[in-house]
Amino acid sequence: MSSKNKQQTKEKSRKKRKGLLSFFKDERFKVSMGGFLLIFALFLTLSFISYFFTWKSDQSFFDEQKVISGAEVQVENWAGKAGAYFAHNFLYKGFGLPSFSVPFLLFLIGFRFLNIRILPLGKTFRMTITAAVILSVILGYLFENSASILGYGPGGVHGYEMAAWLNAFIGKAGTGFFLGIAVFIYLIFSFESISVIMKRELKQLFYGKKPATQTTTADREESSPEPASTETEEAHPTTVFKTDNKEEKTAAQEDEDIKLTVRHKKEDEDITTGHGTSQQIKDYDPTLDLPSYQLPPLNLLEEHRSDSSNVTKEELVNNKNRIVETLGNYKIRIDKITATIGPTITLYEIVPAPGIRISKIKNLEDDIALSLAALGIRIIAPIPGRGTIGIEVPNLNPETVSMRSIIGSAKFRDTKYDLPLALGKTISNEPYVVDLTRMPHLLVAGATGQGKSVGLNAIITSLLYKKHPAQLKFVLIDPKKVELTVYSKIENHHLAKLPDTEEAIITDTQKVIHTLNSLTIEMDQRYTLLKEAHVRNIKEYNNKFISRRLNPQKGHRYMPYIVLIIDEFADLIMTAGREIEAPLARLAQLARAVGIHLVIATQRPTTNIITGMIKANFPSRIAFRVTSMMDSRTILDTPGANQLIGRGDMLITSGSDLIRLQCAFIDTGEIDKITGHISSQKGYDGPHLLPEYVDESSSERGEADLNKRDEIFEEAARLVVQNQQGSTSLIQRKFSIGYNRAGRIVDQLEAAGIVGPFEGSKARQVLVNDEYTLEQLLNELSTTNRQ
């Protein structure tokens, strides 16, 4: 029983510790503690500042040792009795003026609780506290006869007493010398560049070297994310320097002129130079891969204006009168009616008289449409947050919303969204811009000819106008083979594809399956990098990589956003079904955090196409006009899409309210101009390659025949061993061969024991560690073949 009781006691204590730990990790505790510390720091700052003006009048209470909490005691400190108490103990009894470091450190801790990092906490604490102690003694030493300043002087009791003790122990001159050395040591340990400067100056003094002046001939740090060498030896940059006699020399030749020192903190690397100033290495800029790339200009887009698109006052009055008349026929009185004119429809907002049931008005939708002789009448009862009932009536002469008017708007131009989509205009004629990363996936549906393809073009165009090719890649799937082919010209800039495919626009169903599975491999690889970098999403990871706190030599890389666009999802489901839906479900559930976003379009919004799984992972949906209420419910979970008027009239939802928009129009000629502008500029050597995917279920790999080795087998083997990377795509890129041939070479390498077997999403393991062992193995193979 005793052992059982001990076990129960241990279990209780473990649960208690776990509960206490979860309490401290609770976000509410962090916010509360952070807020408290910030307020307390402000309180201390106020009391310290007040002490300069009130210390004389308040000092008598402490000299007479009165209990300041008593009601009869009155103090003049601006922060009251508590403020007077803290100020007295810190500024008078403590460290004097350096006590201002206390609220400073409290500010840092408070912000850290709120997940705001201003300065490194540990190092700042050490430097600040040490500086406060040294500065307090220095002030006590310098102002030993200035007791009228804050009582014991600006160094407080601590500074005064320590300075007096040092004066008595080593004399006044010795104290000054000791404090000077203390400051010097503090600076050496706090700022590493000072030691580098001293070393250089001493060499110049004794050896007569003249310091070189650096000229900015090239900035190789900007063109590569590789950080400086992480060896403990001093690194020698290859930047060219210019001396007084105009001769050029490299830093490797004149290693005493400048040195680089590397400071390590986990994986973070800061680089400082020895020219008397400390400067952090410049941030990595991914756009420098294509430094001359220019985003498409606005003048590539057209206005598409129409002179007859204005809504006349006569039209507004007629519609208002007919609405009032129709409602009056059913004894529904209204107190007020207002109109908001949009590009395609006009919203009439009515305020019904007291006692009128909303459902009664809602049921008159068809009657109002009949009286107005108009299609697409939609009643919103009530309009959320406005206390009115809305009746949307199509305009007689609808306005075409040009893509240029949205792209050129201040809302799109000044947006800070990561992936901004310029979709169109609202009923109030406001540009509608959303962030795809917050959606994070988008389902687009609509009947044939209602604007779905134009909507996809608007989405792609929005991103092309905002993102550099290094920041964004598209995976375009077009089973119909005609809708997205216009974007094939930007293959070497913005498109991504499988290593073994010739066309960047994917049309074959089997290739679609491989591509989706390849994207899941890419997703898994990105999650591994996020885990190693100790971050939660792509934005945090890229920020850390840009600031050079992640080492590319350890596999880290800048991650572009990847947007997968499927033009006709229904065709893929009809032909492949589960093989398409399974990887798509994984991507929809997990890919958002690693910057992979999905845009799926279909013209058949039926329940067997848009399944529950799809709807659950696509909360953001766009519906163009559909033919039935059932289709509208399938897309939006509510009627409404069946009442649209077509030609770009659409509804968008993000899981709550429906918003009616007129989609921005862009024609094929404009897209051709944009892709022509992009393709005319220097691009990458090829499209962005996705991870290779091997469908083991569809094709069994045969045993490779080593007697019929490929003619570049030995070169490929040396390449794999040198890079320690058993990748088909590596061999394909280096030797400019097809994917199938590169795959056969990898099979031969596996049969020869140079690489390991296929391991799904993982790269093949290289079994040979050095080139000497490889050469022995290749000689044995050659000998075996001759025999």
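Report follows, based on the coordinates. (Residues numbered from 1 in each chain as written. Predicted model: local features only at pLDDT ≥ 70, side-chain atom pairs only at ≥ 80, totals over all residues. Heavy atoms only, no water.)

## Some details on the packing of aromatic side chains
How two aromatic rings sit relative to each other is given by the distance of their centres and the angle of their planes. A full pass over the atoms with the stated rule returns 13 aromatic pairs. Taking 5.4 Å as the distance between ring centres and 85° as the angle between the ring planes, the aromatic pair formed by Phe48 and Phe100 counts as edge-to-face. Within this pair, whereas Phe48 is found in helix H2 (residues 27-63), its partner Phe100 is found in the loop between helix H3 (80-92) and helix H4 (101-113), the two being separated by 52 residues in sequence. Judged by its relative accessible area of 0%, Phe48 is buried. The exposure class of Phe100 is partly exposed, given its relative accessible area of 26%. (Phe/Tyr/Trp six-rings, centres within 6.5 Å; stacked < 30°, edge-to-face > 60°. Helix = DSSP H or I, 4+ residues; strand = E, 2+ residues; numbered from the N terminus. Buried < 20%, exposed > 50% of the residue type's maximum accessible area, 1.4 Å probe, protein only.)

## A look at the sheet that holds strand E11 (residues 431-435)
Strand pairing in a sheet relies on backbone hydrogen bonds. The paired strands run either parallel or antiparallel. The sheet built from nine strands is open, its strands ordered E11-E10-E19-E18-E17-E12-E16-E15-E13 with mixed pairing. In this open sheet, the two edge strands, each paired with only one partner strand, are E11 and strand E13 (472-477). Taken over all neighbouring pairs, the strand axes of this sheet differ in orientation by 30° on average, direction set aside. For strand E12 (residues 442-445) and strand E17 (residues 620-623), the ladder comprises four bridges, and the chain directions are parallel. Looking across to E17, one finds that Leu442 is bridged to Ser620. (Pairing = 2+ DSSP bridges. Axes fitted to C-alpha atoms, helices over the stretch in contact; angles between N-to-C directions.)

## Considering the side chain of Ser518
Checked against the element boundaries, Ser518 lands in helix H16 (residues 509-533). In contact with Ser518, not counting residues within four places along its chain, are Leu498, Leu690, Pro691 and Tyr693. (Contact = heavy atoms within 4.5 Å.)

## Examining the nonpolar core
Core analysis: the biggest nonpolar cluster contains 105 residues, and Leu423 and Phe474 have the highest contact counts within it. The dominant element in this core, judged by the number of residues it contributes, is H16, at eight residues. Ile712, Ala717, Ala752 and Leu777 belong to the second largest nonpolar core, which has 22 residues in total. (Core = buried A, V, L, I, M, F, W, Y, C linked by side-chain atoms within 4.5 Å.)

## Considerations on the pattern of salt bridges
Overall, the coordinates contain 26 salt bridges when judged by the stated rule. The shortest N-O distance in the salt bridge between Asp567 and Lys480 comes to 3.8 Å. Pair noted here: Asp567 is in the loop between strand E15 (561-566) and helix H18 (569-575) and Lys480 is in the loop between E13 and helix H15 (491-494), with a separation of 87 residues, a long-range link. A relative accessible area of 29% means that Lys480 is categorised as partly exposed. For Glu750, the salt bridge is made with Arg764, and the minimal N-O distance between the two is 2.9 Å. With Glu750 in helix H25 (residues 739-751) and Arg764 in the loop between H25 and helix H26 (771-786), the pair connects residues that are 14 residues apart, well separated along the chain. Given a relative accessible area of 31%, Glu750 falls into the partly exposed group. Arg764 sits in the buried class, given a relative accessible area of 7%. Salt bridges here are not isolated pairs; linked through shared partners, they connect Arg378, Glu392, Asp649 and Arg660. (Salt bridge = Lys/Arg side-chain N within 4 Å of Asp/Glu carboxyl O.)

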